Amino acid sequence: MSEERKSTPHSEALHEGAPELRRFARALVGPVSTRTADTLAQTATARIAASDRLAGDPLERTFAEIVRLNRRRVRERGRASEPAEAVGAEAERRDVSMAGQIAVMPLDEREALLIVALAGYGYEAAGRILDLPVSSVVSRLMRARARLDGAKPGVAPRSGHLRVVK
Amino acid sequence: MTGGSRVSEAELHAFVDGQLSDERALAVAVWLAEHPRDGLRVDGWRMQNDAIQRAFPAPARERVTLAFRAPESDAPLTMPATPAIEVYRARRRRRHTLSLVAAFAAGALAAGAMAVGAHRMTARPANPEPIFADITTASDEFARRAVEAWQTYARDNGRPVEVEARDMAALAKWLKDRTKLERPPAIGDARLIGGRVLPGHGENAAFLLYRLGSGDLVALLAEPGAHSPGAYAANGLAARSWSRDGFDYAVAGAVPERRLDSLAMELGRPL
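Thresholds, definitions, all that
Residues numbered from 1 in each chain as written. Chains lettered and ligands numbered in written order. Predicted model: local features only at pLDDT ≥ 70, side-chain atom pairs only at ≥ 80, totals over all residues. Helix = DSSP H or I, 4+ residues; strand = E, 2+ residues; numbered from the N terminus. Contact = placed C-beta atoms within 7 Å. Buried ≥ 20, exposed ≤ 12 C-beta atoms within 10 Å, placed from the backbone. Axes fitted to C-alpha atoms, helices over the stretch in contact; angles between N-to-C directions. Parallel < 35°, antiparallel > 145°, perpendicular 65-115°, else oblique. Nonpolar A, V, L, I, M, F, W, Y, C, P; charged D, E, K, R; others polar. Pairing = 2+ DSSP bridges. Core = buried A, V, L, I, M, F, W, Y, C linked by C-beta atoms within 7 Å. pLDDT = per-residue confidence, 0-100. Expected span 1.5 Å × (residues − 1).

This part takes up the overall build of chain A. Tallying secondary structure elements over chain A gives nine helices and zero strands in all. In sequence order, chain A lays out its α and β elements as α-α-α-α-α-α-α-α-α. Of the contacts formed within chain A by residues at least 6 apart in sequence, a portion of 59% connects residues at least 24 apart.

Next up, the structure:
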């Protein structure tokens, strides 16, 4: 089996994308679970590298595998809505604020926000990675941004006027 | 005075994320120049994006740990810049460039927005429809085509299909020859009535008509492709589209959208 893994065409490309994958996984899992996030990224990378399926961008498929593995992890632990622990106080204040707000977001909104705003994917690719219609990606992204807007001191949440795109 | 056109909330987000065509991005820039409150919101989302980038530093700058080394791989622990990641970064750079271009356009247009608006109003008739509908993707477009096909053929009481399913072997062979579809998919409680061949994008599309246990007719459109999941709904008709094994599929009908979702799942749309 190890010989097969070595010879797959995806291995090299995935090693090249590893920092981006780990960064995404860390943001998705939350600030206190770096080890878990790295394990997710590693497992996803190994699975896609071992896959003999040639269709699609292997890096994109690995992002999708991270999302899938994390959803399963959250489901199995029954922690879908449980806020992550507070971010370390020694971190930079502004980043603490953003990382902390994202960590306590509902998972569906966090996924959409991070795959677009952090990983830099377009809506079509985000739809493939999150296994959602593009309209759902956009509506989740809109909710996530409204949540961040509402978290600013003195700015009221404005979920009321958001139009959910079906 | 404004251009008389409304930009949707979704399009403001798409503008921030560089997801609009250049033409549409420019038109949104005009809108923003005329609507400073929306401009402030767009600026706020851009700042959010920047803050998110700063909040999660790239591990590339960190020492790669042995634990992360992929199992059974001889790849080096260091990760030099290579084509795949360069493509990825180039995409991000392009988004950034587009964003700068759009910001420049917004700034430049702020000064002449009234003149531009006046020109737009006088150069051509005002369009009573919004210039931007909700974002339409290729996947949603495929779902829309399925709805249109259903409208045309499922309502044809005389000849809804070209080849009936009574001769399944002939139908399957004909569809495979004309559309490359291996065989008509089975739907649990539905009966396949037959099929048609329709024009597609590059390849022919297969149109299959089923009667559900409820008596409703649903259409399945299939053509070679690999789009992400999409959806479309209008006038009591709806469709869901997805891709599987090199084919795009869309199921359409005048049935509740929840029913379409379950049909799509049954036919292979991933969970």
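Right, let's get into the overall build of chain B. Looking only at helices and strands, chain B has seven helices and seven strands in total. Seen in sequence order, chain B has helices and strands lined up from the N terminus as α-α-α-α-α-β-α-β-β-β-β-β-β-α. Per-residue burial over chain B gives 36% buried out of 271 residues. Here the contacts in chain B between residues at least 6 apart in sequence split such that 58% fall between residues at least 24 apart.

Turning our eyes to something else, we now look at the packing of helix H5 (residues 58–77) of chain A against helix H8 (residues 123–130) of chain A. For any two helices packed against each other, one specifies the crossing angle of their axes together with the interaxial distance. Residues and elements named next belong to chain A. Running from N to C, H5 and H8 cross one another at 50°; their axes reach a closest spacing of 8 Å. Between H5 and H8, the interaxial angle falls into the category oblique. Between H5 and H8, the residues in contact are Glu60, Phe63, Ala64 and Val67 and Ala125, Arg128, Ile129 and Leu130, respectively. Of the residues contributing to the contact of H5 with H8, the split by class is six nonpolar, no polar and two charged.

Residues and elements named next belong to chain B. Following the sequence through the fold, Leu263 ends up in helix H7 (residues 257–266). You can call Leu263 buried: it has 22 C-beta atoms within 10 Å. C-alpha of Leu263 to C-alpha of Arg240: the two residues are 23 residues apart in sequence and 9.1 Å apart in space. Setting aside anything within four residues of it in sequence, one finds Leu263 in contact with Ile187, Val218 and Val251.

A word on the pairing of strand E3 (residues 205–211) of chain B. Residue and element names in this part refer to chain B. In terms of burial, E3 is a largely internal element, six of the seven residues being buried. Two elements, strand E2 (residues 191–198) and E3, share seven bridges in a ladder whose sense is antiparallel. Bridge pairing in E3 links Leu192 to Tyr210. For E3 and strand E4 (residues 217–224), the ladder comprises six bridges, and the chain directions are antiparallel. Following the sheet pairing, Leu209 is matched in E4 by Ala219. Adjacent in sequence and paired antiparallel, E3 and E4 are bridged by five residues, among which Gly215 carries a positive phi angle near 95°.

All names here are of chain B. Across the sheet, seven strands lie side by side as E1-E2-E3-E4-E7-E6-E5; this open sheet has antiparallel pairing. Of all the strands in the sheet, just strand E1 (163–164) and strand E5 (230–234) have a single pairing partner and so form its edges. Direction of pairing for E1 relative to E2: antiparallel, over a ladder of two bridges. Along E2, the bridge assignment pairs Val163 with Gly195. Contacts from helix H6 (residues 168–179) reach E1, E2, E3 and E4, with the element oriented near 30° to E2. Packed onto the sheet, H7 meets E4, E5, strand E6 (237–244) and strand E7 (247–253) and runs at close to 20° relative to E6.

The next thing to look at is the environment of Ala144 of chain A. Residues and elements named next belong to chain A. Its place among the elements puts Ala144 in helix H9 (residues 134–151). For the pair Ala144 and Leu107, spaced 37 residues apart in sequence, the C-alpha to C-alpha distance is 10.0 Å. If we ignore the near neighbours within four places in the chain, the residues touching Ala144 are Met105, Glu109, Arg110, Ala112 and Leu113.

Further remarks concern the nonpolar core. Formed by 65 residues in total, the largest nonpolar core has its most connected members in Phe24, Phe63, Ile66, Ile115 and Ala126 of chain A. If sequence neighbours within four positions are ignored, Ile66 of chain A has contacts with Leu21, Phe24, Ala25, Leu28, Leu40, Ala41 and Ala44 of chain A. Formed by 37 residues, the second largest nonpolar core is a distinct cluster that contains Ala149, Trp150, Tyr249 and Ala252 of chain B.

What follows covers the confidence of the model for chain B. Residues and elements named next belong to chain B. With 67% of its residues at a pLDDT of 70 or more, chain B shows a mean pLDDT of 75. Between the elements of chain B, mean pLDDT differs from a low of 52, seen in helix H4 (residues 83–123), to a high of 95, seen in E3. Note that pLDDT drops below 50 for residues 61–85; the model gives that stretch 37 contacts with residues more than four away or on any other chain. Scoring the predicted complex yields pTM 0.50 and, for the interface, ipTM 0.77.

For H5 of chain A, which comprises 20 residues, the first-to-last C-alpha distance of 28 Å matches the rise-based estimate of 28 Å (1.5 Å per residue) to within 8%. For H5 of chain A, the complete set of buried residues consists of Pro58, Leu59, Arg61, Thr62, Phe63, Ala64, Glu65, Ile66, Val67 and Asn70 of chain A.

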